[in-house]
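# Tertiary structure, described
Each chain, letter by letter, is given below.
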Amino acid sequence: MLRIYKVLQIKPLSERPTKPPAECPSWSAQLMWQLTSNRINHCPHESDRIDMLKFPLASTGEHFGIVRRFQPFIDRTLERARLHAVTKPSVTLSVWIYLLKWCHQENCGIIHHINRNNSYDSILMQLTDTGDIIIQARVKTGEDEAFQATVVLPLRKWIRLDCYIQDSKVLLDTTWDDETSRYVYEFHDSIHYDDADGYFEIGGSRYIPGIHGYFGPVRYYRLGTEKVKNPQTTLHELDKTHQECHEMKAFARAFLKQVTESHPPSTIKGVCTPYFIRLCGQIGEKISTQTWTWEKQLKYSTLFHFLQKHEEEIKTGSLGLKDLRSALFEQAVSTMFAVKQAESNITSESTALLQVSSCFGNHKASLLLATIHLSGLGHTVDKQQGHVYSLIGAAGDNRFALMHAGYKHSQGIDGFPKDLDMAYSYYSNAAAQTSMDSLRIHEDNQYQPEDIYLSNPEDLNSVIHNASDIIQYLKYTAEQGDIESQKTLGTMLYWGQRGLVKDTVSAVKWLERSALQMKDPSAMYDYSILLMKGHGVKRNYTRGFRLLKRAAAMGSINALNGLGWYHGIKLNDHENAVKYFQQAALNGSYDSMFNLGLYHLSGQIPGSPRRNQTAAFQQFLNASQFGHIAASVEAAWYLSTGSLEGVSQDVERAVIMLKKVCERNGHLGFMIREALQAYLQGSWQEAFVKYVLAAESGLGFAQSNVAHLCEELNLSHDCQWRYHNYSILNYDPHPSALLKMGDYYYLSSSTREDSLSLVGRAISMYGRAAVAGSPQGMYNLVVLAQQGHSLPLSIYDSFNVSHHEEQDVVVEKILKRCLETEDDGAVTPCSLALLGVQMGKALRRMTQNGAQLLLAYASLLSVTVITVIMALQSCLEQRPPRQRAVALRAGASSVSQDVNLNREQDGIMGETYRAAGNQWLTILNGKQWLRQMGDFAVTLSGVCLCAFWTTLLYHLL
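Here's what I pulled together on the structure shown here.

Cut-offs and rules
- Residues numbered from 1 in each chain as written.
- Predicted model: local features only at pLDDT ≥ 70, side-chain atom pairs only at ≥ 80, totals over all residues.
- Heavy atoms only, no water.
- Helix = DSSP H or I, 4+ residues; strand = E, 2+ residues; numbered from the N terminus.
- Buried < 20%, exposed > 50% of the residue type's maximum accessible area, 1.4 Å probe, protein only.
- Contact = heavy atoms within 4.5 Å.
- Areas by Shrake-Rupley, 256 points an atom, 1.4 Å probe, with all protein chains shown as cover.
- Disulfide = S-S within 2.5 Å.
- Salt bridge = Lys/Arg side-chain N within 4 Å of Asp/Glu carboxyl O.
- Pairing = 2+ DSSP bridges.
- Axes fitted to C-alpha atoms, helices over the stretch in contact; angles between N-to-C directions.
- Phe/Tyr/Trp six-rings, centres within 6.5 Å; stacked < 30°, edge-to-face > 60°.
- Lys NZ or Arg CZ within 6 Å of the ring centre and 35° of its normal.
- Patch = residues over 30% accessible without salt bridge, like charges linked within 9 Å, V, L, I, M, F, W, Y side chains within 5 Å.
- Expected span 1.5 Å × (residues − 1).
- Lys, Arg positive; Asp, Glu negative; His and termini not counted.
- Charge placed at Lys NZ, Arg CZ, Asp CG, Glu CD.
- Parallel < 35°, antiparallel > 145°, perpendicular 65-115°, else oblique.
- Left-handed = near helix turned anticlockwise from the far one by under 90°.
- Nonpolar A, V, L, I, M, F, W, Y, C, P; charged D, E, K, R; others polar.

### Observations regarding the overall build of the protein chain
- What the protein chain contains, in helices and strands, is 37 helices and 15 strands.
- Counting over 957 residues, the protein chain shows a buried share of 47%.
- Long-range contacts, defined as pairs at least 24 residues apart, comprise 63% of the intrachain contacts of the protein chain with a sequence gap of at least 6.
- Surface accessibility of the protein chain: about 50,200 Å² in total, with carbon and sulfur atoms responsible for 53%.

### Let's talk about the state of the cysteines
- Taken as a whole, this structure holds 4 disulfides when the rule is applied.
- Note on cysteine connectivity: Cys-103 is disulfide-linked to Cys-108, with sulfurs 1.8 Å apart.
- Note on Cys-108: relative accessible area 3%, which makes it buried.
- Between the sulfur atoms of Cys-245 and its disulfide mate Cys-359 the distance is 2.0 Å. Taking the torsion about the S-S bond as the criterion, the Cys-245 to Cys-359 disulfide, at about -60 degrees, is left-handed. Here Cys-245 is found in helix H3 (residues 236–262), whereas its partner Cys-359 is found in helix H9 (residues 348–359), with 114 residues between them in sequence.
- Cysteines bonded in the protein chain are numbered consecutively along the chain; their disulfide partners then correspond to 1-2, 3-4, 5-6, 7-8.

### Notes on the pattern of salt bridges
- Summed over the entire model, instances satisfying the criterion amount to 27 salt bridges.
- Salt bridges here are not isolated pairs; linked through shared partners, they connect Glu-79, Arg-82, Asp-194, Asp-195 and Arg-222.

### A look at the sheet that holds strand E6 (residues 120–128)
- A sheet is described by the order of its strands in space; here 6 strands give the open sequence E3-E12-E5-E6-E7-E8, paired in antiparallel fashion. The open sheet has two free edges, formed respectively by strand E3 (65–68) and strand E8 (144–149), since each of these has just one partner strand. Taken over all neighbouring pairs, the strand axes of this sheet differ in orientation by 15 degrees on average, direction set aside.
- With 4 bridges connecting them, E3 and strand E12 (residues 199–203) associate as antiparallel partners. From the neighbouring strand, Gly-65 faces E12, where its bridge partner is Gly-203.

### Overview of the side chain of His-567
- Mapping His-567 onto the fold places it in helix H20 (residues 557–570).
- Taking the relative accessible area as the measure of exposure, His-567 reaches 10% and is therefore buried.
- Setting aside residues no more than four positions away along its own chain, His-567 makes contact with Phe-545, Asn-572, Asp-573, Asn-576, Ala-577 and Tyr-580.

### Quick look at the packing of aromatic side chains
- A complete count under the given rule lists 27 aromatic pairs for this structure.
- Note on Tyr-494 and Trp-495: the rings are 4.9 Å apart at their centroids and 90 degrees apart in plane angle, and the pair reads as edge-to-face.
- Its relative accessible area of 7% is what places Tyr-494 among the buried residues.
- The class for Trp-495 is partly exposed, based on a relative accessible area of 23%.
- With 5.3 Å between their ring centres and 10 degrees between their planes, Tyr-679 and Trp-684 make a pair best called stacked.
- Members of the aromatic cluster, connected to one another through ring pairs, are Phe-251, Phe-255, Tyr-300 and Phe-304.
- Between the NZ or CZ atom of Arg-222 and the centre of the ring of Phe-73, over which it lies, the distance is 4.3 Å.
- One Lys or Arg, Arg-673, reaches over the ring of Tyr-447 and ends 4.4 Å from the middle of that ring.

### Here's the deal with a nonpolar patch on the surface
- Together, Trp-27, Leu-31 and Leu-35 make up an exposed nonpolar region whose accessible area comes to about 360 Å².
- Note that Leu-35 resides in helix H1 (residues 27–36).
- Judged by its relative accessible area of 54%, Leu-35 falls in the exposed class.

### Quick word on helix H30 (residues 735–748)
- Counted at 1.5 Å a residue, the expected span for H30 with its 14 residues is 20 Å, and the 20 Å between its end C-alpha atoms agrees.
- Buried residues of H30: Ala-737, Leu-738, Leu-739, Met-741, Gly-742, Tyr-745 and Ser-748, and no others.

### Re a positive patch on the surface
- Taken together, Arg-49, Lys-54, Lys-227 and Lys-229 make up a surface patch of like positive charges.
- Looking at the secondary structure, you find Lys-227 in the loop between strand E13 (212–221) and H3.
- Overall, Lys-227 belongs to the exposed group, its relative accessible area being 62%.

### Some points on the packing of helix H24 (residues 629–641) against helix H25 (residues 651–662)
- Following both chains from N to C, one finds H24 and H25 inclined at 160 degrees, their axes separated by 8 Å at the closest point. Here H24 lies roughly antiparallel to H25, going by the angle between them. When you trace H24 past H25, the crossing you get is left-handed. Contact with H24, carried on its side by Ile-629, Ser-632, Val-633, Ala-635, Ala-636, Leu-639 and Ser-640, involves Val-651, Arg-653, Ala-654, Met-657, Leu-658 and Val-661 of H25 and no other residues of that element.
- Partitioning the contact of H24 with H25 into residue classes produces 10 nonpolar, 2 polar and 1 charged.

Here it is as structure tokens:
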């Protein structure tokens, strides 16, 4: 078999002859070539130095921290060096920490690496409960090795830890008070280090708690360095504040000690007095020396005067060191505002009391101080001091302070850098507390938050009390046996809805009566849960199980979930439990979805003994879409780390989920309820303080309420618009806030130079309100569009309008959508505007047709003719009476003349009368003619106008 072939010599592209283009290049291509012809393209600069943390992070000593992921280098040279260093690493890590307390467990995390298999990898840096440092690494053989550096780190000092990893050697430098100590350890083999595998956690994580204190700047050199540059310049104020707090506590202890030793408290009913104090009183030892200096007394004069004022309470033992925090905060709030002229200002005395209260552990005071310094309420803005108190509150594990820090970092406002990982760190802590709080939401110190806007009279009118007419009517109908009334009354009293005070006993009574009628499955389910939990009634699993089975048989999906819980927890029958959960989940029970996720996570699904995190995540995600709190917390963790195969990291989505969870916190609802009650009772200053704490946590309607109170209390103009502006930064702002900011921008455009940009912002605000379904927002958009302003493209998409359609079409569709959202049959601005638009549109269509245009002109002409004829008739109606009056006067004068007048005179007068009669006949004939012409013109005009309006209605319809 023969094969014939030929080797072709292919020329390189650079040596081939060029072929001139057949066509001229386009203008845009030629312009782009001219712009880029002299440009030298450079690869983006990529450094191996990464600032993992720039802004301080508050750590509560729990399982929460910041997730950081590292990707391979884009630069090939750097990536080759990194891959080569996986088995022979050369990396450097520098961390600033500030310890408030020792670890409450044996070890707590400073920084650690979790690989894709969810196990520890190089490197793991931990703090022991004795202040020592443990560094753990994984060597090439796959084994983990660690060493402990006996350091004994101090409390309340900034400490820098520099860790150098060089092949198998680890060097640790510890620095505080300008003194550095070095610890060296060499492992048995080279360290395996791949920072692109998995993620790093600063502080705590699901696997280890973090330190209790603060993290300062964290700098990471991926390819190592011999000299670390990691200065801290913004952390001194935080240390200074903590040192002052430490001195204040010592001062207060000394004062309390002197008072109690000099005046031992007498035995009071209801107050426990320590035995040694009573013993001192029996012995008679009442002399104690002052243990603080005069300088300390002057420095902390606010605290000293407060202690002196409450000395009697301290003597009796009713006011101890732990009680001072609440007493100081209450007095600070009561003296917060001093009215000067037309504007209210926050007093310096109140600020000093808040500082002392914060030092003693009341972190509502810390949050309020942060708000004062960041917003400038009665003071100049001091962002650094505001950050200090924000961090102190978050480190104190206060729910509102954690939400505050998370909100600021998620939005990047008030000097907080926008960092979603930091926001997640704070929100995850607050959300975990919310999940635990939800198990005790029935308690008196928790209420479900209710969105009530102080500027909306309808919202305020919806607030009722236990003796209101609505409650009395519900009680009457419930007594008559109406199940819906019994359920409604029981639910409102159990949860304390619409301003009612919780009354668990009465609520259980009504829920029991509705359930025992055995007609409503939801009522039977509610009461069965109360029986099993023992809330307001003696716990009775047997009776509750019976009601659950009956309710499930009648179609209650929640009852199916309850049966699954009972079989799984009480009967340990997981097979039937899963069946019930699956059946309920298929019918939309989000509690069952969450429970199935837990079963997948623990590997207890019958027939699937292995853990299935992917299936668990999907169940958690499904339940979170229905608002399940615990499921949202679990799903957010997977989204924040991206550690699950097939689930990409989405920190923003995780933050949004957790923010929604936190806003349902029962303690937050309780504070909002107190704020509302204070407002209704006229205590607007107290309402302002409570609402501002909720507003600083990122709660949208609380921000709108604070803006309203800023106006009512004559606070600064900036206070009002600060919180209106914050309310629109939320992920789902209320339309009223968007409209308010739109009005602000539009009105400001007439007095400022950048009027076009302000109008653009106003259009953006109105557009967002319109998309959210606000009729006012839609109407405002139409007005601005008719003034000649262009609408954003997002509006076209939201209202299903093509970008190429005319303005009238866009306006008409917006107005039609506006009418759909308004009350039926009501005459509204949108309905009148739509009528005007459609009338103008119909008239323009008529003018495009020659015959219809002629009809329109004829109608106009006929109306003009009728107007002229009517005017002439009016004139003629007025003239004949005057002529007759002249004739009568002439006749009267002739009668009064002498009867002996001569004939000549009689002849002259007769001629005069005949001439007047002829003129009168002429006028009568003209009048009759005008009347006939008027009738004809009216008839013709009626025909023209009838045809005109018929044509116009045809175009309208």
